[in-house]
Amino acid sequence: MNSAKLTEKKQIIFWGKRVAAALTLIIWMTVLYKIFQSGGSFNDQAPQCIFSTMLIFGVLTGIYKGLDFWEKQA
């Protein structure tokens, strides 16, 4: 792989991580807003908030690990 393609691949990974993080934060805030607007007591909303936070950021972690693996393949 030549230097130009390697640099291009690293730029794609660099921006891919940032886009993934930004989208994750937007999705997370939207989900939490929907949970808070649904009403109910704190005891009803807390498990939903915890589960959605773990799920959303678990997916982000998987995306980051995949991009890191792809980057190390270069």
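Residues numbered from 1 in each chain as written. Predicted model: local features only at pLDDT ≥ 70, side-chain atom pairs only at ≥ 80, totals over all residues. Heavy atoms only, no water.

1. Some words on the overall build of the protein
Secondary structure summary: the protein contains two helices and zero strands in total. Here the protein has a C-alpha radius of gyration of 17 Å; the compact-globule value for 74 residues is 11 Å, and the former is much larger. Considering the protein as a whole, with its 74 residues, one finds that 19% of them fall into the buried category. Entry remark: accessible area of the protein is about 5600 Å², with carbon and sulfur atoms responsible for 70%. (Helix = DSSP H or I, 4+ residues; strand = E, 2+ residues; numbered from the N terminus. Rg over C-alpha atoms; globule rule 2.2 N^0.38 Å. Buried < 20%, exposed > 50% of the residue type's maximum accessible area, 1.4 Å probe, protein only. Areas by Shrake-Rupley, 256 points an atom, 1.4 Å probe, with all protein chains shown as cover.)

2. Thoughts on helix α1 (residues 3-37)
Since the α-helix turns once every 3.6 residues, residues separated by three or four places project in the same direction. The end-to-end C-alpha distance of α1, which contains 35 residues, comes to 51 Å, matching closely the 51 Å that a straight helix rising 1.5 Å per residue would cover. The secondary structure elements touched by the buried residues of α1 are α2 (42-72). Trailing α1 by a residue or two, glycine 39 shows a phi angle of about 85°, which is positive. (Expected span 1.5 Å × (residues − 1). Contact = heavy atoms within 4.5 Å.)

3. Quick look at a nonpolar patch on the surface
A surface patch of nonpolar side chains, amounting to about 560 Å² of accessible area, comprises Val19, Leu23, Leu25, Ile26, Ile27 and Met29. Within the secondary structure layout, valine 19 lies in helix α1. Taking the relative accessible area as the measure of exposure, valine 19 reaches 45% and is therefore partly exposed. (Patch = residues over 30% accessible without salt bridge, like charges linked within 9 Å, V, L, I, M, F, W, Y side chains within 5 Å. Salt bridge = Lys/Arg side-chain N within 4 Å of Asp/Glu carboxyl O.)

4. Thoughts on the packing of aromatic side chains
Tallied over the entire structure, the rule returns two aromatic pairs. Ring plane angle 90° and centroid distance 5.3 Å describe the contact between phenylalanine 14 and tryptophan 15, whose orientation is recorded as edge-to-face. Note on phenylalanine 14: relative accessible area 37%, which makes it partly exposed. The lysine or arginine in question, arginine 18, covers the ring of phenylalanine 14, its NZ or CZ lying 3.7 Å from the ring centre. (Phe/Tyr/Trp six-rings, centres within 6.5 Å; stacked < 30°, edge-to-face > 60°. Lys NZ or Arg CZ within 6 Å of the ring centre and 35° of its normal.)

5. With respect to the packing of α1 against α2
Interhelical geometry of α1 versus α2 gives an angle of 175° and a closest axis separation of 10 Å. The angle between α1 and α2 falls in the class roughly antiparallel. (Axes fitted to C-alpha atoms, helices over the stretch in contact; angles between N-to-C directions. Parallel < 35°, antiparallel > 145°, perpendicular 65-115°, else oblique.)

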